[in-house]
Number of protein chains: 2
Amino acid sequence: MATRIPESEALLTPAEVATMFRVDPKTVTRWAKAGKLSAIRTLGGHRRYRESEVRALLAGIPHQRTGD
Amino acid sequence: MATRIPESEALLTPAEVATMFRVDPKTVTRWAKAGKLSAIRTLGGHRRYRESEVRALLAGIPHQRTGD
DNA sequence: CTCGACTGGGGTAATTTGGGGG
DNA sequence: CCTGTCCAAATTACCCCAGTCG
């Protein structure tokens, strides 16, 4: 076939996440700074969020715990 | 943007719902706490209400029955 | 390299939250 | 039983600008 991207997760822009939560993009950035959201930084410093992460948060799932 | 937003439901702020019902945002919060309204919480604790849900209630639809 | 649109950072006003009492 | 208002604290929204994205 063609481009088969393996270990790449669908990333969303701040505007995307902001729309899904009905908040301002700046607010999403605030969540990332607060550590409430996993943010991947581009080479320019911009943030990109994982779709799975956002959807999980929207579903009402608190924080991901890997055992305790 | 280029990315397409997945399944996202239009959400309304407490002020929006309050205006639509001609009540105070505090009252809308009570409905959410009473389970009369589906509320999605932001990562900051604020509530967001589904537009479809609110519109259905405004349309005169009572509560969701689970078989009758 | 240039272009339009979006993003990041800081600061301030508005909104929302929670509980108590009318 | 249901609703509107009080208080203080927390969170969110919008303003500016320059840099980055595609």
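Preceding this section is the structure that the text describes.
Keep in mind that what you see is a predicted model, and the values were worked out from it rather than measured.

### So, the overall build of chain A
And step 1. For chain A, the count of helices and strands is three helices and three strands.
And step 2. Along chain A, helices (α) and strands (β) appear in the sequence β-α-α-β-β-α when read from the amino end.
And step 3. Per-residue burial for chain A yields a buried fraction of 29% across its 68 residues.
And step 4. Counting only contacts in chain A whose residues sit at least 6 apart along the sequence, the fraction spanning at least 24 positions is 42%.
And step 5. Carbon and sulfur atoms form 51% of the exposed surface of chain A, whose accessible area is close to 4900 Å².

### Looking at the nonpolar core
And step 1. Ranked by size, the top nonpolar core spans 16 residues in total, and within it A:Val17, A:Phe21, A:Val28, A:Leu37, A:Tyr49 and A:Val54 carry the most contacts.
And step 2. When contributions to this core are tallied by element, the ones reaching two or more residues are α1 (14–21), α2 (25–33) and α3 (51–58) of chain A.
And step 3. Here the element with the most residues in this core is α1(A); it accounts for four residues.
And step 4. Residues within four places of A:Val54 in sequence aside, it is in contact with A:Leu12, A:Val17, A:Met20, A:Phe21, A:Leu37 and A:Tyr49.
And step 5. Core analysis: the next-biggest nonpolar cluster, separate from the first, contains eight residues, B:Leu12, B:Val28, B:Ala32 and B:Leu37 among them.

### Looking at the packing of aromatic side chains
Residue and element names in this part refer to chain A.
And step 1. Within this structure, the stated rule accounts for two aromatic pairs over all chains.
And step 2. Measuring from centroid to centroid gives 5.0 Å for Phe21 and Trp31, while their planes differ by 80°, and the two rings are edge-to-face. Residue Phe21 is located in helix α1, and its partner Trp31 is located in helix α2; the two are separated by 10 residues in the primary sequence.
And step 3. Look at Trp31 and you get buried, because its relative accessible area is 5%.

### Digging into the environment of A:Val23
And step 1. Here A:Val23 lies in the loop between α1 and α2.
And step 2. By relative accessible area, A:Val23 is classed as buried at 17%.
And step 3. Sequence-distant contacts of A:Val23, that is, excluding residues within four places in its chain, are made with A:Ala18, A:Val28, A:Trp31, B:Thr42 and B:Arg48.

### Overview of the protein's contact with DNA strand C
And step 1. As a matter of local geometry, DNA strand C sits amid 19 residues, with A:Thr29, A:Arg47, B:Ala15, B:Lys26 and B:Arg47 nearest to it.
And step 2. Within 4 Å of the protein, atoms of DNA strand C come from sugar and phosphate in 77% of cases.
And step 3. Between DNA strand C and the protein, one listed contact pairs a phosphate oxygen with a side-chain N or O atom of A:Arg47 at 2.5 Å.
And step 4. Taking B:Ala15, its main chain carries an N or O atom lying 2.7 Å from a phosphate oxygen of DNA strand C.

### Some details on the protein's contact with DNA strand D
And step 1. Taken together, 21 residues lie around DNA strand D, and A:Asp24, A:Thr27, A:Arg30, B:Thr27 and B:Arg30 are the ones closest in.
And step 2. Put simply, 74% of the atoms of DNA strand D that lie within 4 Å of the protein are in sugar or phosphate.
And step 3. Taking A:His46, its side chain carries an N or O atom lying 3.5 Å from a base nitrogen of DNA strand D.
And step 4. Here B:Arg30 contributes a side-chain N or O atom positioned 2.6 Å from a base oxygen of DNA strand D.
And step 5. The greatest single-element share of the surface near DNA strand D, amounting to four residues, is contributed by helix α2 (residues 25–33) of chain B.
And step 6. For the surface near DNA strand D, a count of residues per class yields five nonpolar, eight polar and eight charged.

What counts and how
Residues numbered from 1 in each chain as written. Chains lettered and ligands numbered in written order. Predicted model: local features only at pLDDT ≥ 70, side-chain atom pairs only at ≥ 80, totals over all residues. Heavy atoms only, no water. Helix = DSSP H or I, 4+ residues; strand = E, 2+ residues; numbered from the N terminus. Buried < 20%, exposed > 50% of the residue type's maximum accessible area, 1.4 Å probe, protein only. Contact = heavy atoms within 4.5 Å. Areas by Shrake-Rupley, 256 points an atom, 1.4 Å probe, with all protein chains shown as cover. Core = buried A, V, L, I, M, F, W, Y, C linked by side-chain atoms within 4.5 Å. Phe/Tyr/Trp six-rings, centres within 6.5 Å; stacked < 30°, edge-to-face > 60°. Near = heavy atom within 4 Å. Polar contact = N/O pair within 3.5 Å; in protein donor to acceptor, adjacent residues only side chain to side chain. Nonpolar A, V, L, I, M, F, W, Y, C, P; charged D, E, K, R; others polar.

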